[in-house]
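Okay, here's what each chain looks like letter by letter:
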Amino acid sequence: MELATGIVLAIIGAAISMGVAAISSGIGVGLAGVAGAGVISEDPRKFGPVLVLQALPQTQGIYGFLGAVLILIGVGVLGGEVKEIPIGMGYAALGGGIVIGLSSVTAIAQGAISASGMGSVAKRPETFGQAIVLAVMAETFAIFGLLIAILIFVGTKIMGG
Amino acid sequence: MIGDILSYLHVNAKIMAKEGKFISSRRWEDLCGCSSPGEIASLLEGTDYFPYLSERAINEAGELEKAILEEFSEVEREISKLIPKGAWPIKEYLLRRWDVINLRTVMRGIHGGLKKEEILDSFIVGGELDFAFLKALTDAEAMDDLVTLLARTPYRSLRDGLDKYNESKNLFFLEALLDKIFWEDLLLKVLRPRGLREFKDFVRISVETHNLKTILRAKDDRLSSEDTDPFLIRDCRLLNELLPAYAEEDLSGLINLLEDTIYFEPLLGGQHEYEKTSSILSFEEALDNLVLKKAEEIRKGRPFGPGPLIGFLVSKQKEVRNLLAIVRSSELDLVRDEIRESLSSLRS
């Protein structure tokens, strides 16, 4: 029973990591995409910078995917037999998944910043670099979230155990 | 919150892209040196105005002016289609402006005794009034006929200015009434939907400047306050503050009455110009510049809502007005510095 609970908690952690990150990135990319369509309809030559800015909120989705894969490998669901997972380790995997999931909500804000940046680039193409920097600022917290999750996984032997 | 952001994202990004295509400072400099419509037309190559220039526009200033206005009308029509449903008063503003412009064309045409074809040729497509209806308006031979034809439109109350017009043959009475109908109706409508705080602020300042322009023009024409009052929009805080005293004052006195308001400094600047040129346009330009400044403040105040849209519309209007001034100046054989002086501040 303990084994089953641990693995279930870990799988829920992986699901939260991927699921919340996917929703957040989807909204962020959507926000940026709506603005991008507005810019391109006016000036199709701006497709390049618009594409780069729209891609930025996707990274949180990648972090969510990475976190979920790490959990699933760590508990043996991927790449081998399912291990005996103590309930404590299951909670740790759940906690790691929640950290990644919640920190990926920054993708929504990043989408809004990217959308604004697209307008800025459309008006003054020379601001492309600044627009990227502003959008990347929101990314920092998603990276912190991923790092904390990795520390949790390493500390609880989900990774490298 | 996301809903608010999302509904304006597309249109705001589009208008920022349009702002990227505003005429640059260097091109303004070149435009100021033009001495013919053909030169102006060639300098407009690569801008959004160029596709609207016909063969006639290259040779005739009037046609060039029309082409510039047609582009402006098309931009506003395009934007009106992208405005979120909840912001319908902005859409009405964008479309009905062109009705007012076309109605003014008819009124000026009738007043100046122009031929039906000449009036028809000056129309700019883009408003809510059907073009066939506008065409029918050109059948009017007198102002009374025109007002009768408008009986089933929102402009029916133009009949209230008819007697004064017929007495004085001063078009001011009808033009001021037309503007009053437009702004008063918009002011009523903009109060209904929730949100749109920025647009409400813009309409309020536009109403206040409309009232001030009407009062200033009336003072310049030495009209009495009894003549002017029917053309003022009553639902205006500034007017209510001015009302007890403004009738007794001359132009300088009126400006002094505004000392504690945002209008004082710009009007004082306009007064210096007025003393030199005796043209009321200096006040109107000062007030228009103030509206532009306020629109910029509104834009910066809420970059995700209708703020950028309002900022764009006022800036575009300014660009068009400056271009039209250049086209008109080119026919008057003015030197570059004089043309530059006649323009409102140039935008980069």
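Residues numbered from 1 in each chain as written. Chains lettered and ligands numbered in written order. Predicted model: local features only at pLDDT ≥ 70, side-chain atom pairs only at ≥ 80, totals over all residues. Heavy atoms only, no water.

**Quick look at the overall build of chain A**
When you go through chain A residue by residue, the secondary structure sums to six helices and zero strands. Secondary structure of chain A in N-to-C order comes out as α-α-α-α-α-α. Counting across all 161 residues of chain A, residues that qualify as buried make up 46%. Considering only contacts in chain A between residues 6 or more positions apart, those separated by 24 or more positions represent 87%. Summed over its atoms, the accessible surface of chain A is roughly 7300 Å², and 77% of this surface lies on carbon and sulfur atoms. Separation between the mean location of the 6 positive side-chain charges and that of the 7 negative ones in chain A comes to 13 Å. (Helix = DSSP H or I, 4+ residues; strand = E, 2+ residues; numbered from the N terminus. Buried < 20%, exposed > 50% of the residue type's maximum accessible area, 1.4 Å probe, protein only. Contact = heavy atoms within 4.5 Å. Areas by Shrake-Rupley, 256 points an atom, 1.4 Å probe, with all protein chains shown as cover. Lys, Arg positive; Asp, Glu negative; His and termini not counted. Charge placed at Lys NZ, Arg CZ, Asp CG, Glu CD.)

**Section: the packing of helix H6 (residues 88–112) of chain B against helix H18 (residues 307–331) of chain B**
Residue and element names in this part refer to chain B. Where H6 contacts H18, the two axes come as close as 12 Å, and the packing angle between them is 15°. With respect to H18, the axis of H6 lies roughly parallel. For the element pair H6 and H18, the recorded crossing hand is left-handed. Here Ile90, Tyr93, Leu94 and Arg97 of H6 lie close against H18, whose contacting residues are Leu309, Leu313 and Gln317. Classifying every residue of the contact of H6 with H18 by side-chain character gives five nonpolar, one polar and one charged. (Axes fitted to C-alpha atoms, helices over the stretch in contact; angles between N-to-C directions. Parallel < 35°, antiparallel > 145°, perpendicular 65-115°, else oblique. Left-handed = near helix turned anticlockwise from the far one by under 90°. Nonpolar A, V, L, I, M, F, W, Y, C, P; charged D, E, K, R; others polar.)

**Some points on a negative patch on the surface**
All names here are of chain B. A grouping of Glu141, Asp144, Asp145, Asp160, Asp163 and Glu167 is seen on the molecular surface, where their side chains present a negatively charged patch. Where the negative patch is concerned, the elements lending two or more residues are helix H9 (143–149) and helix H10 (162–168). By secondary structure assignment, the location of Asp160 is in the loop between H9 and H10. (Patch = residues over 30% accessible without salt bridge, like charges linked within 9 Å, V, L, I, M, F, W, Y side chains within 5 Å. Salt bridge = Lys/Arg side-chain N within 4 Å of Asp/Glu carboxyl O.)

**Brief notes about empty space enclosed by the protein**
Over the atoms rolls a probe the size of a water molecule, and in doing so it shows where empty space is left. All names here are of chain B. Under the defined criterion, the tally for this structure stands at two cavities of 30 Å³ or more. Taken together, Lys18, Lys21, Phe22, Asp48, Tyr49, Glu71, Val75, Phe312, Lys316 and Glu319 make up the lining of the largest cavity. Per-element accounting of the lining of the largest cavity gives the leading share, three residues, to H18. Looking at the second largest cavity, its volume works out to about 40 Å³. Every residue lining the second largest cavity is listed: Ile215, Ala218, Lys219, Leu223, Ser224, Ser225, Thr228, Tyr246 and Ala247. Secondary structure elements with two or more residues in the lining of the second largest cavity: helix H12 (197–220) and helix H13 (225–228). If one sorts the elements of the lining of the second largest cavity by residue count, H12 sits on top with three residues. Residues that form the lining of the second largest cavity fall into these classes: five nonpolar, three polar and one charged. (1 Å grid on protein atoms, 1.4 Å probe; cavity = no way out; pocket = protein on both sides within 12 Å on 5 of 7 lines; lining within 4 Å. Points joined across faces, edges and corners; volume = space filled by probe spheres on them.)

**Concerning the environment of Ile148(A)**
Along the chain, Ile148(A) falls in helix H6 (residues 128–155). Ile148(A) sits in the partly exposed class, given a relative accessible area of 43%.

**Brief notes about helix H5 (residues 106–123) of chain A**
Compared with the 26 Å implied by 1.5 Å per residue over 18 residues, the 26 Å span of H5(A) between its first and last C-alpha is a close match. When you tally the buried positions in H5(A), you get 13 out of 18 residues, the bulk of the element. (Expected span 1.5 Å × (residues − 1).)

**Examining unusual backbone geometry**
All names here are of chain A. Positive phi values are uncommon outside glycine, yet Lys157 reaches one of about 65°. Tracing the chain through its elements places Lys157 in the segment after H6. Lys157 sits in the exposed class, given a relative accessible area of 52%.

**Topic: the side chain of Gln110(A)**
All names here are of chain A. If you trace the backbone, Gln110 turns up in helix H5. Looking at Gln110, its side chain comes within polar contact range of the main-chain oxygen of Ala135, at 2.8 Å. Non-local contacts of Gln110, meaning those with residues more than four positions away in its chain, are made with Leu56, Pro57, Thr59, Gln60, Ala135, Val136, Ala138 and Glu139. (Polar contact = N/O pair within 3.5 Å; in protein donor to acceptor, adjacent residues only side chain to side chain.)

**Describing the packing of aromatic side chains**
By convention here, two paired aromatic rings are described through the distance between centres and the angle between planes. Residue and element names in this part refer to chain B. For the structure shown, the criterion picks out 14 aromatic pairs over all chains. Measuring from centroid to centroid gives 5.5 Å for Phe172 and Phe173, while their planes differ by 65°, and the two rings are edge-to-face. With respect to class, Phe172 is no different from Phe173; both count as buried. Taken together, the aromatic side chains of Tyr93, Phe182, Trp183, Phe199 and Phe202 make up a single cluster linked through ring pairs. (Phe/Tyr/Trp six-rings, centres within 6.5 Å; stacked < 30°, edge-to-face > 60°.)

**Topic: the domain arrangement of chain B**
Residue and element names in this part refer to chain B. Here chain B is described as being made up of domain 1 (11–80 + 308–348), domain 2 (83–172) and domain 3 (195–301). Between the C-alpha centres of domain 1 and domain 3 the distance comes to 26 Å. Across the contact, 13 residues belong to domain 1 and twelve residues belong to domain 3. Summed over both partners, the interface of domain 1 with domain 3 comes to about 980 Å²; 57% of that surface belongs to carbon and sulfur atoms. Looking at the side of domain 1 facing domain 3, the largest losses of area belong to Ile310, Val314 and Arg321, adding up to 47% of the total buried there. Where domain 1 meets domain 3, there are two salt bridges. Between Arg299 and Glu19 there is a salt bridge, and its shortest N-O distance comes to 2.5 Å. (Domains from an automatic or database assignment. Buried area = accessible area lost by both parts, 1.4 Å probe.)

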